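Spelled out from the first residue to the last, the chains are:
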Amino acid sequence: MDSKVASLINQQINKEFYSAYLYLDFANYYASVGLDGFENWYKIQAQEERDHAMLFYQYLQNNGQKVTFEAIDKPDKEFSDNMDPLKAGLEHEKYVTSLINEIYAAAFDVKDFRTMQLLDWFVKEQGEEEKNASDMVTKMELFGSDAKGLYMLNSELGARVYSAPSLTL
Ligand code: MG
């Protein structure tokens, strides 16, 4: 495997674990204000991010590449209201999309079709992640300022259940 492609994927393992850590921090915030549905949604999101990290890790292993783990950054955002994590989540997913695109571009440059095929799944996944994050902001704008609306939104998010990623290596 091209060393730049392998290095970017190795970095992405760290970024995905950071995403899991960030979303656990969101869950932690929502737990502190009693919104257990939001807490549930972000705990499951954290599980998905860990899955992403494990997929990249296994992909490097399957292709004989050395994996190096670096320190995971501390989630350092302060939240002043229930909207803050949602907006931070949308910004974060846009950033992750840019990272996936960067790896794709590097794989494209060296005609690494196998990695491009792996990344096709992540490109689609990022489209879904951005839509989910954007929908959460919209719903909070629409319903979040009303106590009954917030209660129902919290119930909706509380119904989310974990399912393993559709991608297998
Ligand atoms: Mg991810």
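Summarised in this report is the structure supplied together with it.

Rules and cut-offs
- Residues numbered from 1 in each chain as written.
- Predicted model: local features only at pLDDT ≥ 70, side-chain atom pairs only at ≥ 80, totals over all residues.
- Heavy atoms only, no water.
- Helix = DSSP H or I, 4+ residues; strand = E, 2+ residues; numbered from the N terminus.
- Expected span 1.5 Å × (residues − 1).
- Polar contact = N/O pair within 3.5 Å; in protein donor to acceptor, adjacent residues only side chain to side chain.
- Contact = heavy atoms within 4.5 Å.
- Donors = N, O, S within 2.8 Å, 3.2 Å for Na, K, Ca; no water.
- Buried < 20%, exposed > 50% of the residue type's maximum accessible area, 1.4 Å probe, protein only.
- Axes fitted to C-alpha atoms, helices over the stretch in contact; angles between N-to-C directions.
- Parallel < 35°, antiparallel > 145°, perpendicular 65-115°, else oblique.
- Left-handed = near helix turned anticlockwise from the far one by under 90°.
- Nonpolar A, V, L, I, M, F, W, Y, C, P; charged D, E, K, R; others polar.
- Phe/Tyr/Trp six-rings, centres within 6.5 Å; stacked < 30°, edge-to-face > 60°.

## Quick notes on helix 2 (residues 36-62)
Okay, step 1: Taking 1.5 Å per residue as the helical rise, helix 2 with its 27 residues ought to reach 39 Å, and the 39 Å between its terminal C-alpha atoms agrees with that figure.
Okay, step 2: One or two positions beyond helix 2, positive phi appears at Gly64, with a value near 70 degrees.

## Focus: the side chain of Ser19
Okay, step 1: Position of Ser19 among the secondary structure elements: in helix 1 (residues 3-32).
Okay, step 2: Polar side-chain contacts of Ser19 include one of 2.8 Å to the side chain of His92.
Okay, step 3: Excluding its chain neighbours within four sequence positions, the residues that come into contact with Ser19 are Glu49, His92 and Val96.

## Re the coordination of the magnesium ion
Okay, step 1: At the metal site, the magnesium ion is ligated by Glu16 (OE), Glu49 (OE) and His52 (ND1), and these contacts range over 2.1 to 2.2 Å.
Okay, step 2: The motif formed by the donor residues of the magnesium ion, counted along the single chain, is E-x32-E-x2-H. Residue Glu49 and its partner His52 are located together in helix 2, separated by three residues, close to a single helical turn. In this structure, Glu49 and His52 share a single accessibility class: buried.

## Remarks on the packing of helix 3 (residues 84-109) against helix 4 (residues 113-143)
Okay, step 1: Between helix 3 and helix 4, whose axes approach to 9 Å, the crossing angle comes to 165 degrees. Taken as axis vectors, helix 3 and helix 4 run roughly antiparallel relative to one another. For the pair helix 3 and helix 4, the sense of crossing is left-handed.
Okay, step 2: Its residues placed into classes, the contact of helix 3 with helix 4 shows 16 nonpolar, five polar and seven charged.

## So, the packing of aromatic side chains
The description of an aromatic ring pair rests on the distance of the ring centres and on the angle between the ring planes.
Okay, step 1: Summed over all chains, the structure comprises 12 aromatic pairs.
Okay, step 2: Considering the side-chain rings of Tyr29 and Phe79, the 5.4 Å spacing of their centres and the 65 degrees angle between planes classify their relative orientation as edge-to-face. Of the two residues, Tyr29 is situated in helix 1 and Phe79 in the loop between helix 2 and helix 3; the sequence distance between them amounts to 50 residues.
Okay, step 3: With a relative accessible area of 17%, Phe79 lands in the buried category.
Okay, step 4: Judged by centre distance (6.0 Å) and plane angle (5 degrees), the ring pair of Tyr30 and Tyr42 falls under stacked. Taken together, the residues span a long stretch of sequence, with Tyr30 in helix 1 and Tyr42 in helix 2 at a distance of 12 residues.

Function-wise, these values are silent; they only describe arrangement.
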